[in-house]
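# Report on the structure
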Amino acid sequence: QSQLVESGGGLVQPGGSLRLSCAASGFTLGDYAIAWFRQAPGKDREGISCMDSNGRNPYYTEAVKGRFTISRDNAKKSVYLQMNSLKPEDTATYFCAAIGLFCGKTWYSNWSGYDYWGQGTQVTVSS
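## Some details on the overall build of the protein
- Of regular secondary structure, the protein possesses 0 helices and 11 strands.
- Listed N to C, the secondary structure of the protein is β-β-β-β-β-β-β-β-β-β-β in terms of helices and strands.
- Its C-alpha radius of gyration of 13 Å places the protein within 12% of the 14 Å reference for a compact globule of 127 residues.
- By the burial criterion, 43% of the 127 residues in the protein qualify as buried.
- Put simply, 62% of the contacts in the protein that link residues at least 6 apart link residues at least 24 apart.
- Of the charged side chains in the protein, 12 are positive and 10 negative, and the gap between their average positions amounts to 4 Å.

Dropping the structure here:
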């Protein structure tokens, strides 16, 4: 059974930090690009970051660029999202997803192109 499982979410104050983890099982993580998405209550799912299978040239959307950092350890079958300088608008359920070898130009919107999705982990940024 191939799956991704997110963890590390929680409640933080604005300006705080969290590190999310995405653990893969049932498939070779090194064969897949991994993206992070988030979905706030009542809003559409939003792609925020993606990293190619080789771990190079990570991609970020403007909303998180400079604050979030994606990384991966294929040997540990895990992908991480370090989130710094968190804002209330970052409040959402965060998902990881696996696609092909490379993120591609439309990774942030190509929901149907992803082979595996995690169940999500909740991040709440509030005073």
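## Topic: unusual backbone geometry
- Although it is not a glycine, N57 adopts a positive phi angle of roughly 50°.
- Its location among the elements puts N57 in the loop between β5 (46-51) and β6 (59-60).
- Given a relative accessible area of 57%, N57 falls into the exposed group.
- Although it is not a glycine, K77 adopts a positive phi angle of roughly 55°.

## Notes on the packing of aromatic side chains
- Scanning all chains against the criterion turns up 7 aromatic pairs.
- Measuring from ring centre to ring centre gives 4.9 Å for F37 and W117, while their planes differ by 50°; the resulting arrangement is tilted. Note that F37 is positioned in strand β4 (residues 33-39) and W117 in strand β10 (residues 116-117), a separation of 80 residues in sequence.
- With relative accessibility at 26%, the residue W117 sits in the partly exposed group.
- Here a set of aromatic residues connected by ring pairs shows up, and it is made of F27, Y32 and Y116.

Basis of the calculations
Residues numbered from 1 in each chain as written. Predicted model: local features only at pLDDT ≥ 70, side-chain atom pairs only at ≥ 80, totals over all residues. Heavy atoms only, no water. Helix = DSSP H or I, 4+ residues; strand = E, 2+ residues; numbered from the N terminus. Rg over C-alpha atoms; globule rule 2.2 N^0.38 Å. Buried < 20%, exposed > 50% of the residue type's maximum accessible area, 1.4 Å probe, protein only. Contact = heavy atoms within 4.5 Å. Lys, Arg positive; Asp, Glu negative; His and termini not counted. Charge placed at Lys NZ, Arg CZ, Asp CG, Glu CD. Phe/Tyr/Trp six-rings, centres within 6.5 Å; stacked < 30°, edge-to-face > 60°.

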